[in-house]
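Spelled out, the chains give:
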Amino acid sequence: ISEVSHPRNTLNKLYGYTKINDNQESVDIVEDMIPVLIKLIEDDASGVYHFANEGTISPKELADLIGNNSYITRKKEDQDLDMHFAGRAKRVTSYIKSNKIPLLPDIRVRAKQVCEKWKRSYKSQMKISEALEHGSSSGKTGADFEGGKE
């Protein structure tokens, strides 16, 4: 997950889901990985490294933190059955540990902070999107907003 709203960010996806699992999972926070990754590059490290924030959290808990309260909670087993009947592979639940590098900060502490920043980022993106839509109907383009003309 990341504090920056983006269509590929799990938080963005969770915000729109109507069915959310309550199983515990390992989660990585992009902003926590970056300083460690930079240090590994500076040290000319090589090999496989597993980045993981300490602890686990459920998709349901993350959805609650970002304000999605219009979903049905479901068990992973129920989702696996739906996936099976749809001819799709089961979702994998993973618990990651790291032997080469220390675990990143505790997910339960960091998730609250990241979700608050994500909400501000998401709202900002929505305002920009609305302004661009409004601008396109008035003959203005995204360049008008980006160039500071508005």
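Bear in mind that the values here come from a model prediction, so they are computed numbers and not experimental data. By convention here, each chain's residues receive numbers from 1 onward along its written sequence. Selection of residues for local features in this predicted model requires a pLDDT of at least 70, selection of side-chain atom pairs for listing and counting requires 80 or more, and totals for whole chains, interfaces and linings are taken over all residues. Only hydrogens and water are set aside when side-chain values are computed; all heavy atoms of the structure are taken into account.

**Some thoughts on the overall build of the protein chain**
A count of helical and extended segments in the protein chain gives 6 helices and 2 strands. Overall, the protein chain shows an N-to-C arrangement of helices and strands of α-β-α-α-β-α-α-α. Going through the 150 residues of the protein chain one by one, you find that 31% of them count as buried. Contact criterion: two residues are considered in contact whenever any of their non-hydrogen atoms come within 4.5 Å of each other. Taking the intrachain contacts of the protein chain between residues at least 6 apart in sequence as the baseline, contacts between residues at least 24 apart amount to 81%. Note on areas: these come from Shrake-Rupley sampling with a 1.4 Å probe, and a residue is covered only by the protein chains present in the view. For the protein chain, the accessible area works out to roughly 9900 Å², and carbon and sulfur atoms hold 54% of it. The secondary structure listing takes helices from DSSP runs of H or I that are at least 4 residues long and strands from runs of E that are at least 2 residues long, numbered from the N terminus. When a residue's accessible area, from a 1.4 Å probe over protein chains only, is under 20% of the maximum for its type it is buried; when over 50% it is exposed; and in between it is partly exposed.

**Comments concerning the nonpolar core**
Ranked by size, the top nonpolar core spans 17 residues in total, and within it Ile1, Leu11, Val27, Ile57, Leu62 and Ile66 carry the most contacts. Residue contributions to this core peak at 6 residues, all from helix 5 (residues 107-137). Not counting residues within four places of it along the chain, the set of residues in contact with Val27 comprises Ile1, Asn53, Ile57, Leu62 and Ile107. Joining through side-chain atoms within 4.5 Å is the link that ties buried Ala, Val, Leu, Ile, Met, Phe, Trp, Tyr and Cys residues into a set, and such a set is a nonpolar core. Core analysis: the next-biggest nonpolar cluster, separate from the first, contains 5 residues, Met33, Leu40, Phe51 and Ile101 among them.

**Examining a nonpolar patch on the surface**
To count toward a patch, a residue needs a relative accessible area above 30% and no salt bridge. Like charges then connect within 9 Å, nonpolar side chains (Val, Leu, Ile, Met, Phe, Trp, Tyr) within 5 Å. Here, a salt bridge means any Lys or Arg side-chain nitrogen found within 4 Å of an Asp or Glu carboxyl oxygen. There is a patch of nonpolar side chains on the surface, built from Val30, Ile34 and Ile38 and spanning about 230 Å² of accessible area. Take Val30: it is sitting in helix 2 (residues 30-42). Owing to a relative accessible area of 34%, Val30 belongs among the partly exposed residues under this scheme.

**Describing the side chain of Asn12**
As for its position among the elements, Asn12 is in helix 1 (residues 10-16). In this view, Asn12 contacts Ser5, His6, Pro7, Trp118 and Tyr122; residues no more than four positions away in its chain are not counted.

**Side note on the side chain of Asn21**
Tracing the backbone shows Asn21 in strand 1 (residues 19-21). There is a polar contact of 2.6 Å between the side chain of Asn21 and the side chain of Gln79. Apart from residues no more than four positions distant in its own chain, Asn21 is found in contact with Ser58, Pro59, Lys60, Arg74, Lys75, Lys76 and Gln79. Within 3.5 Å is the distance limit for a polar contact, defined as a pair of N or O atoms, with the added protein rule that one can donate a hydrogen and the other accept it, and that residues adjacent in sequence qualify only through two side-chain atoms.

**Here we look at the pattern of salt bridges**
Proximity of charged atoms lets side chains of opposite charge pair with each other. Applying the stated criterion across every chain, the model contains 9 salt bridges. In this structure, Lys117 and Glu3 form a salt bridge, with 4.0 Å as the shortest nitrogen-oxygen distance. Linking Lys117 in helix 5 with Glu3 in the segment before helix 1, this pair joins segments that are 114 residues apart in sequence. What makes Lys117 partly exposed here is its relative accessible area of 39%. A salt bridge links Asp80 to Lys76, with the shortest nitrogen-to-oxygen separation between them at 2.7 Å. A residue pair is termed a helical-turn pair when its members lie 3 or 4 positions apart in one helix, as Asp80 and Lys76 do in helix 4 (residues 76-85) at 4 residues.

**With respect to the confidence of the model for the protein chain**
Where the model shows low pLDDT, its predicted coordinates should not be examined in detail. For the protein chain, the average pLDDT comes to 86, and 88% of its residues sit at 70 or higher. The predictor attaches a confidence to each residue, and that confidence, scored 0 to 100, is pLDDT. Confidence scores differ between elements of the protein chain, with helix 6 (residues 142-146) showing the lowest mean pLDDT of 38 and helix 3 (residues 59-66) the highest of 97. Note on residues 138-150: pLDDT under 50 across the span, and 9 contacts to partners over four residues away in sequence or across chains.

**Quick word on helix 2**
Multiply 1.5 Å by the residue count of a helix minus one, and that product is the helix's expected span. Here helix 2 spans 18 Å end to end across 13 residues, near enough to the 18 Å set by a 1.5 Å rise per residue. Turning to helix 2, its buried residues number three or more, namely Asp32, Met33 and Leu40. Along helix 2, the residues classed as buried sweep out an arc of 85° about the axis, all on the same side. In helix 2, the exposed positions angled more than 90 degrees off the buried face are occupied by Ile41 and Glu42. Of all possible arcs, the one meant is that of the directions from the helix axis to the C-beta atoms.

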